[in-house]
Amino acid sequence: MASTRQIPLITSGKSLGEQAYEALRDSIITLKLEPGQTIFESEIADTFQISRTPIRDAFQLLVTEHLIEVLPQRHKKIARISESKVKESSFVRLSLESSAFKLAAGSWDSSEKFVQAERQISRILREQSEAAEHQDVIQFLQLDEAFHKCILELTGNATLLEVVYHMRGHLNRLRYLAMKELVLTRKLVEEHLELFDSLKKRDEARTVQLLEQHLGSLDHELPQLREQFPHYFTD
């Protein structure tokens, strides 16, 4: 069973509540806190060396995202990975991102906004390729998130970004597990490169087609991972 000692310590910057939420969420997504593991506010507060108030606030946000479950007697545990929740989230994510990527492709031009985005995406893809070579799953997943976020930001839709961020929690636990157990390959980077190329060519139909293929791999990976880690899953 994973230990809360593995959670990254609080650093200066954002509020304690925000930092605690982000650190806990990252630890849940990267399975440092395992599905089904009991978790205690007092223990986390001691780990971070802060009061229980910001920890309680962070827990409440994670309960809202269904990443933490409240048990009888107010005990809490890390939610197991729900197959139905993953499939629902995957459907919603594809619907939202398809519209956003299509809009970005149709709008792509030589303006400064897209020039900066092109530079940023090129850097992300270089770093992601290096992460794949070193089998650095956490870095790879963070860069995968950065790639998609960079393109979503081009829509200028803050609500879209917020919705996609919060619904990815369940998906990303499964994606992290798949990347960790099924081995990172250049294929995922190549899919991003193809998407990037179709965006720059303003090919809306090709962009949507590639995105559907890119986000559809979980249908094949989920049964294998359930068989390998049955204690991580529910329904």
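Cut-offs used in this document
- Residues numbered from 1 in each chain as written.
- Predicted model: local features only at pLDDT ≥ 70, side-chain atom pairs only at ≥ 80, totals over all residues.
- Heavy atoms only, no water.
- Helix = DSSP H or I, 4+ residues; strand = E, 2+ residues; numbered from the N terminus.
- Buried < 20%, exposed > 50% of the residue type's maximum accessible area, 1.4 Å probe, protein only.
- Contact = heavy atoms within 4.5 Å.
- Areas by Shrake-Rupley, 256 points an atom, 1.4 Å probe, with all protein chains shown as cover.
- Polar contact = N/O pair within 3.5 Å; in protein donor to acceptor, adjacent residues only side chain to side chain.
- Axes fitted to C-alpha atoms, helices over the stretch in contact; angles between N-to-C directions.
- Parallel < 35°, antiparallel > 145°, perpendicular 65-115°, else oblique.
- Left-handed = near helix turned anticlockwise from the far one by under 90°.
- Nonpolar A, V, L, I, M, F, W, Y, C, P; charged D, E, K, R; others polar.
- Expected span 1.5 Å × (residues − 1).
- 1 Å grid on protein atoms, 1.4 Å probe; cavity = no way out; pocket = protein on both sides within 12 Å on 5 of 7 lines; lining within 4 Å.
- Points joined across faces, edges and corners; volume = space filled by probe spheres on them.

So, the overall build of the chain
Stage number 1. For the chain, the count of helices and strands is 10 helices and 5 strands.
Stage number 2. The buried share of the chain, taken over its 235 residues, is 45%.
Stage number 3. Summarising the internal contacts of the chain: among those between residues at least 6 apart in sequence, 72% fall at separations of at least 24.
Stage number 4. When the accessible surface of the chain is summed, it comes to about 12,100 Å², and 50% of that surface belongs to carbon and sulfur atoms.

A few points about the environment of threonine 30
Stage number 1. With respect to the helices and strands, the residue threonine 30 is situated in the loop between α1 (16–29) and β1 (38–39).
Stage number 2. Each C-alpha atom of the pair threonine 30 and leucine 160 lies 24 Å from the other, and the pair is 130 residues apart in sequence.
Stage number 3. Here aspartate 26 takes part through its backbone oxygen, which lies 2.7 Å from a polar atom of the side chain of threonine 30.

As for the packing of helix α6 (residues 137–153) against helix α8 (residues 186–200)
Stage number 1. One way to put it is that α6 packs onto α8 with a least axis distance of 12 Å and a crossing angle of 10 degrees. Looking at the two axes, α6 sits roughly parallel to α8. Judged by the twist between their axes, the crossing of α6 over α8 is left-handed. Listed contacts from α8 to Phe140, Asp144, Phe147, His148 and Ile151 of α6 are Leu188, Val189, His192, Leu195 and Leu199.
Stage number 2. Per-class residue counts for the contact of α6 with α8 are 7 nonpolar, 2 polar and 1 charged.

Looking at the packing of helix α2 (residues 41–48) against helix α3 (residues 52–64)
Stage number 1. The N-to-C vectors of α2 and α3 enclose an angle of 120 degrees; their axes lie 9 Å apart at closest approach. Relative to α3, the element α2 is oriented oblique. Classified by chirality, the crossing of α3 by α2 is right-handed. Taken together, the residues of α3 that come into contact with α2 (itself represented by Glu41, Ser42, Ile44, Ala45 and Phe48) are Arg52, Ile55, Arg56 and Phe59.

Quick word on α8
Stage number 1. Between its first and last C-alpha atoms α8 spans 21 Å; for 15 residues at 1.5 Å apiece the expected length is 21 Å, and the two agree.
Stage number 2. Taken together, the buried positions of α8 are occupied by Val189, Glu191, His192, Leu195, Phe196, Ser198 and Leu199.
Stage number 3. Along its buried surface, α8 packs onto α4 (83–107), α5 (112–133), α6 and α9 (204–215).
Stage number 4. Of the residues flanking the end of α8, it is arginine 202, one or two places downstream, whose phi is positive at about 60 degrees.

A look at the environment of phenylalanine 40
Stage number 1. The topology assignment puts phenylalanine 40 in the loop between β1 and α2.
Stage number 2. Take phenylalanine 40: its relative accessible area is 40%, and that puts it in the partly exposed class.

Structural notes on the layout of surface pockets
Stage number 1. As a volume, the largest pocket reaches approximately 680 Å³.
Stage number 2. Taken together, 24 residues line the largest pocket, and the ones lying closest to its centre are Arg25, Asp26, Gln142, Glu145 and Tyr165.
Stage number 3. Every element with two or more residues in the lining of the largest pocket is listed here: α1, α6 and α7 (158–182).
Stage number 4. Each residue belonging to the lining of the largest pocket can be placed in one class, and the counts come to 10 nonpolar, 5 polar and 9 charged.
Stage number 5. Approximately 380 Å³ is the volume found for the second largest pocket.
Stage number 6. Lining the second largest pocket are 21 residues, and of these Met179, Leu188, His214, Ser217 and Glu221 sit closest to its centre.
Stage number 7. Contributions of two or more residues to the lining of the second largest pocket are made by α4, α6, α7, α8, α9 and α10 (218–228).
Stage number 8. With 5 residues, α7 is the largest single contributor of residues to the lining of the second largest pocket.
Stage number 9. Counted by class, the lining of the second largest pocket contains 10 nonpolar, 5 polar and 6 charged residues.

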